[in-house]
Amino acid sequence: TVLGEIVSIEARGPTFTAMLAPDGEERDEPWPVALRATGPGLELSVAGSWAGPSAALDSELELILAGDSPATLRSWLGEIPFPDASYAFDARVVTDETGMTFTIERARLGRSSLQARFRLDERESGPHFDAAITVDYIDLESLLALGAPSPEGLEGDQDADQPEAGGGLSLDIPIVP
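Residues numbered from 1 in each chain as written. Predicted model: local features only at pLDDT ≥ 70, side-chain atom pairs only at ≥ 80, totals over all residues. Heavy atoms only, no water.

Asks: Can you walk me through the overall build of the chain in this structure?
Replies: Across its full length, the chain holds four helices and eight strands. If you list the helices and strands of the chain from N to C, you get β-α-β-β-β-α-β-β-β-β-α-α. The 177 residues of the chain split such that 21% are buried. Partitioning the contacts of the chain with sequence separation of at least 6, the portion at a separation of at least 24 is 34%. Surface accessibility of the chain: about 12500 Å² in total, with carbon and sulfur atoms responsible for 56%. (Helix = DSSP H or I, 4+ residues; strand = E, 2+ residues; numbered from the N terminus. Buried < 20%, exposed > 50% of the residue type's maximum accessible area, 1.4 Å probe, protein only. Contact = heavy atoms within 4.5 Å. Areas by Shrake-Rupley, 256 points an atom, 1.4 Å probe, with all protein chains shown as cover.)

Right, here's the structure in full:
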């Protein structure tokens, strides 16, 4: 059990010590890695190959996280301001001799979903970062409800001059040249 919840974990691959601090021998190929964890309303898997700190070998890991509702994670994360909707997150991390790519193939919460790709290249002139994000659909009704008070919070005194929580959407996005 983890924090009182039954969790199942299966793992295949080298020890974490070997992956993060190799014994000094140069490897010919990365380690195969597989991890699967299931818990209340949660499925997590990581699979692929990991070269460790070696920059001479490529690594590729796929991460999949899915569940029925973020509310099932309350015992681990506390109160979460997310709608009671299914979620999924599929991502891939690839490292090679020139840098790293982090691709979100699917990030979904309820009906809202997006994809993204982030690339960090090590160049002679210095690091270079690229990002591309595609939003497929935004369920504004669910997102606006994130700040809405819970039914328990509606009981008791409410100040009539105070604006209703969740009644609007505010975005603060800094734009850096």
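Asks: Help me out: how do you make sense of the pattern of salt bridges in this one?
Replies: Pairing between side chains of opposite charge can happen when their charged atoms approach one another. Considering all chains together, one arrives at eight salt bridges under this definition. One salt bridge connects R92 with E62, and the closest N-O pair in it is separated by 3.7 Å. You can see R92 sitting in strand β5 (residues 87-96) and its partner E62 sitting in strand β4 (residues 59-67), a full 30 residues away along the chain. Given the relative accessible area of 23%, R92 is considered partly exposed. Across the pair D96 and R119 runs a salt bridge whose closest N-O atoms are separated by 3.3 Å. Of this pair, D96 sits in strand β5 while R119 sits in strand β7 (residues 112-123); the two residues are 23 residues apart in sequence, bridging distant segments of the chain. Looking at D96, the relative accessible area reads 26%, which means it is partly exposed. On the basis of relative accessible area, R119 is assigned to the buried category, the value being 8%. (Salt bridge = Lys/Arg side-chain N within 4 Å of Asp/Glu carboxyl O.)

Asks: So what exactly am I meant to see when it comes to the sheet that holds strand β2 (residues 31-39) here?
Replies: In a beta sheet, neighbouring strands are held together by backbone hydrogen bonds and run either parallel or antiparallel to one another. Taken together, the eight strands give an open sheet; going across it, the order is β1-β2-β3-β4-β5-β6-β7-β8, and neighbouring strands pair in antiparallel fashion. At either end of the open sheet lies a strand with only one pairing partner, and these are β1 (8-12) and β8 (126-137). Averaged over all adjacent pairs, the angle separating strand axes in this sheet is 5 degrees, with direction ignored. (Pairing = 2+ DSSP bridges. Axes fitted to C-alpha atoms, helices over the stretch in contact; angles between N-to-C directions.)

Asks: Is there a simple way to think about a nonpolar patch on the surface in this case?
Replies: Together, I133, V135, I138, L140 and L143 make up an exposed nonpolar region whose accessible area comes to about 420 Å². Contributing elements (two or more residues each) for the nonpolar patch: β8 and α3 (140-144). Relative to the helices and strands, V135 is located in strand β8. Here V135 falls in the partly exposed class, since its relative accessible area comes to 44%. (Patch = residues over 30% accessible without salt bridge, like charges linked within 9 Å, V, L, I, M, F, W, Y side chains within 5 Å.)

Asks: Sorry if this is basic, but what is going on with the packing of aromatic side chains here?
Replies: Aromatic ring pairs are defined here through the distance separating the ring centres and the angle between the ring planes. Considering all chains together, one arrives at two aromatic pairs under this definition. Centroid distance F102 to F118: 6.3 Å. Interplanar angle 25 degrees. Geometry classified as stacked. One end of the pair, F102, is in strand β6 (residues 99-109); the other, F118, is in strand β7, with 16 residues separating them in the sequence. On the basis of an interplanar angle of 20 degrees and a centroid distance of 6.3 Å, the ring pair of F118 and F129 is categorised as stacked. Note that F118 is positioned in strand β7 and F129 in strand β8, a separation of eleven residues in sequence. F129 gets classed as exposed once you look at its relative accessible area, which sits at 52%. Ring pairing ties together the aromatic residues F102, F118 and F129, which thus form one cluster. (Phe/Tyr/Trp six-rings, centres within 6.5 Å; stacked < 30°, edge-to-face > 60°.)

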